[in-house]
Amino acid sequence: MAAAIAALIGLLILTSLLYDTTRLFGCDEPRRPPLARLRGRRAALEAAELRVVGLRLHHRLDIVAYQQRMSGLARGRRTCARPVSTVGGRHG
């Protein structure tokens, strides 16, 4: 009986060791991001959308650049994939 209990405990230890090793060398990110990160990403996209609208209202973006940036935001990109010239030019 004692041998069976010892074997069961040894099996549990080996299973936990194997699980920890696979987590160590596996992917760092979980399959689904936590809700806080989703809220943060959504808030960042909303803030980027407000910035783009503000630029358009102050005539710092032309219509093509505005449409491209809003299209990128709709696809989940916070930055423009391809920089487009603005009406006012570049200020550095």
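As the structure is a computational prediction, the values presented were derived from the model and not from experiment.

**Thoughts on helix 3 (residues 63-74)**
- Between its first and last C-alpha, helix 3 extends 16 Å over 12 residues, near the 16 Å set by a 1.5 Å rise per residue.
- Listing the buried residues of helix 3 in full gives A65, G72 and L73. In a view along the axis of helix 3, the buried residues occupy a sector of 100°, so they form one face of it. Along helix 3, the residues that are exposed and aim more than 90 degrees away from the buried face are Q67 and A74.
- Taken from the residues just after helix 3, G76 is the one with a positive phi, measuring 95°.

**So, unusual backbone geometry**
- With a phi close to 60°, H59 is a non-glycine residue in the positive phi region.
- With respect to the helices, strands and loops of the structure, H59 is situated in the loop between helix 2 (35-57) and helix 3.

**Here's the deal with the nonpolar core**
- The biggest cluster of nonpolar side chains holds 6 residues, and these are L45, A48, V52, L61, A65 and L73.
- Contributions of two or more residues to this core are made by helix 2 and helix 3.
- Counting residues per element, this core draws most heavily on helix 2, at 3 residues.

**Observations regarding the confidence of the model for the chain**
- Summary statistics for the chain give a mean pLDDT of 80 and a share of 73% for residues scoring 70 or more.
- Looking over the chain, one finds the lowest element-wise mean pLDDT in helix 2, namely 84, and the highest in helix 3, namely 91.

Rules used in this analysis
Within any chain, residue numbers begin from 1 and follow the written order of that chain's sequence. It should be noted that, the model being predicted, local features are given only for residues of pLDDT at least 70 and side-chain atom pairs only at 80 or more, the latter also being counted only at that level, while totals for whole chains, interfaces and linings use all residues. Excluded from the side-chain calculation are hydrogens and water; included are all heavy atoms of the structure. A run of H or I in DSSP counts as a helix once it spans at least four residues, and a run of E counts as a strand once it spans at least two, with each numbered from the N terminus. Working rule for helices: expected span equals 1.5 Å times residues minus one. Buried means the residue's accessible area, taken with a 1.4 Å probe over protein chains only, is under 20% of the maximum for its type, while exposed means over 50%, and partly exposed covers the values in between. When we speak of the arc, we mean the arc of directions from the helix axis to the C-beta atoms. As used here, the term nonpolar core means buried Ala, Val, Leu, Ile, Met, Phe, Trp, Tyr and Cys residues forming a set that is joined through side-chain atoms within 4.5 Å. The score called pLDDT rates the predictor's confidence residue by residue, from a low of 0 to a high of 100.

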